[in-house]
Amino acid sequence: DAKTTQPPSMDCAEGRAANLPCNHSTISGNEYVYWYRQIHSQGPQYIIHGLKNNETNEMASLIITEDRKSSTLILPHATLRDTAVYYCIVTYGNKLVFGAGTILRVKS
Amino acid sequence: EAQVTQNPRYLITVTGKKLTVTCSQNMNHEYMSWYRQDPGLGLRQIYYSMNVEVTDKGDVPEGYKVSRKEKRNFPLILESPSPNQTSLYFCASSRTSRDSGWDQYFGPGTRLLVL
């Protein structure tokens, strides 16, 4: 059962901010929102996670709406190396259920 | 360097010939997990382990075995491989996170072809 809904693909110009949306309208109170990405066939890479508050780290920012039903991952200055499949996952505990994700293409 | 290693990275084998894919992590993580990735089906969890000697089935455990005798190692065993187990396999580890969020580290993947 898909807990999240993401657009299948997005394009972004190099150097611009990439904003990737995710809907998770059935999220439970104790579930976290995680973002991972997978570049080609490499192992998925953790980006960021959050519960209620907005979060920022060296890779990205995560904006979670007040009702927690949706979130946005922001890559502030996308580069060609950010081209990947981005997965939004909601879960409690360690179990990650990967959906189809969003293919982000960063173009020069 | 914190990492999850898998061996072998590539493997071609024949139906029925037992094989083991090793996974090792150097971060003292309690939690380890195996996934397989197939075109159109995404990543699916095979087995996971919350700690030494504690393992449980994921979503697609049929045809696989695991063991967790040491904290750092979590081998995936295919007793009698079949062509439908041809896939890209990933091992992952993290601290246990029942009450908070933790990032999971993934290995580089093992590409298996069963003829």
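Refer to the structure presented above.
Novice: Please clarify how the interface of chain A and chain B should be interpreted in this entry.
Specialist: By a widely used convention, the size of an interface equals the accessible area lost when the partners come together. Residue-level contacts link 17 residues of chain A with 24 residues of chain B. Summed over both sides, the interface between chain A and chain B buries roughly 1600 Å², with carbon and sulfur atoms accounting for 47% of that surface. Three residues, Asn94(A), Lys95(A) and Phe98(A), lead the burial of chain A against chain B; their summed loss comes to 33% of the area buried on that side. Its salt-bridge partner being Lys95(A), residue Asp59(B) comes within 3.2 Å of it at the nearest N-O pair. Remark: the boundary between chain A and chain B carries nine residue pairs in polar contact (both at pLDDT 80 or more). Looking at the side of chain A that touches chain B, the elements with two or more residues in it are β3 (32–38) and β4 (45–50) of chain A. Sorting elements by how many residues they give to the side of chain A that touches chain B places β3(A) first, with four residues.

Novice: Can you help me understand the pairing of strand β5 (residues 42–51) of chain B in this one?
Specialist: When a strand is regular, its side chains alternate between the sheet's two faces. Residues and elements named next belong to chain B. Taking burial as the measure, the ten residues of β5 include seven buried ones, the bulk of the element. Judged from the seven bridges that link them, strand β4 (residues 31–38) and β5 form a sheet pairing that is antiparallel. Looking at β5, one finds that Met32 is bridged to Ser49. The pairing of β5 with strand β6 (residues 54–57) spans four bridges and is antiparallel. In the sheet register, Ser49 faces β6, and the bridge partner there is Thr55.

Novice: Could you clarify how one ought to interpret a nonpolar patch on the surface in this entry?
Specialist: All names here are of chain B. There is a patch of nonpolar side chains on the surface, built from Ile12, Val14, Leu113 and Leu115 and spanning about 380 Å² of accessible area. Relative to the elements of secondary structure, Ile12 occurs in strand β2 (residues 10–13). Using a relative accessible area of 62% as the deciding quantity, one classes Ile12 as exposed.

Novice: Hey, could you run me through the sheet that holds strand β3 (residues 19–25) of chain B in this one?
Specialist: Hydrogen bonds along the backbone pair up the strands of a sheet, which may run parallel or antiparallel. All names here are of chain B. Here we have four strands laid out as an open sheet, ordered β1-β3-β8-β7, and antiparallel in their pairing. Each edge of the open sheet is held by one strand with a lone partner, namely β1 (4–7) and β7 (65–66). Where β7 lies against strand β8 (residues 76–78), two bridges are found, and the strand directions are antiparallel. The residue bridging Lys65 from the neighbouring strand is Ile77, located in β8.

Novice: It is not clear to me how the side chain of Arg68(B) should be interpreted in this structure. Could you clarify?
Specialist: All names here are of chain B. Following the sequence through the fold, Arg68 ends up in the loop between β7 and β8. Glu30 provides the closest opposite charge to the buried, unpaired Arg68, separated from it by 7.4 Å. Within polar-contact distance, the side chain of Arg68 engages the backbone oxygen of Lys71 at 2.7 Å.

Novice: Can you help me understand the side chain of Gln104(B) in this one?
Specialist: Turning to its location among the elements, Gln104(B) is positioned in the loop between β9 (87–94) and β10 (105–106). A polar contact is formed between the side chain of Gln104(B) and the backbone oxygen of Asn94(A), at a distance of 2.5 Å. Non-local contacts of Gln104(B), meaning those with residues more than four positions away in its chain, are made with Tyr36(A), Tyr46(A), Asn94(A), Leu96(A), Tyr31(B), Tyr35(B), Ala92(B), Ser93(B) and Ser94(B).

How each quantity is defined
Residues numbered from 1 in each chain as written. Chains lettered and ligands numbered in written order. Predicted model: local features only at pLDDT ≥ 70, side-chain atom pairs only at ≥ 80, totals over all residues. Heavy atoms only, no water. Contact = heavy atoms within 4.5 Å. Buried area = accessible area lost by both parts, 1.4 Å probe. Salt bridge = Lys/Arg side-chain N within 4 Å of Asp/Glu carboxyl O. Polar contact = N/O pair within 3.5 Å; in protein donor to acceptor, adjacent residues only side chain to side chain. Helix = DSSP H or I, 4+ residues; strand = E, 2+ residues; numbered from the N terminus. Buried < 20%, exposed > 50% of the residue type's maximum accessible area, 1.4 Å probe, protein only. Pairing = 2+ DSSP bridges. Patch = residues over 30% accessible without salt bridge, like charges linked within 9 Å, V, L, I, M, F, W, Y side chains within 5 Å. Areas by Shrake-Rupley, 256 points an atom, 1.4 Å probe, with all protein chains shown as cover. Lys, Arg positive; Asp, Glu negative; His and termini not counted.

By themselves these figures say nothing about function.
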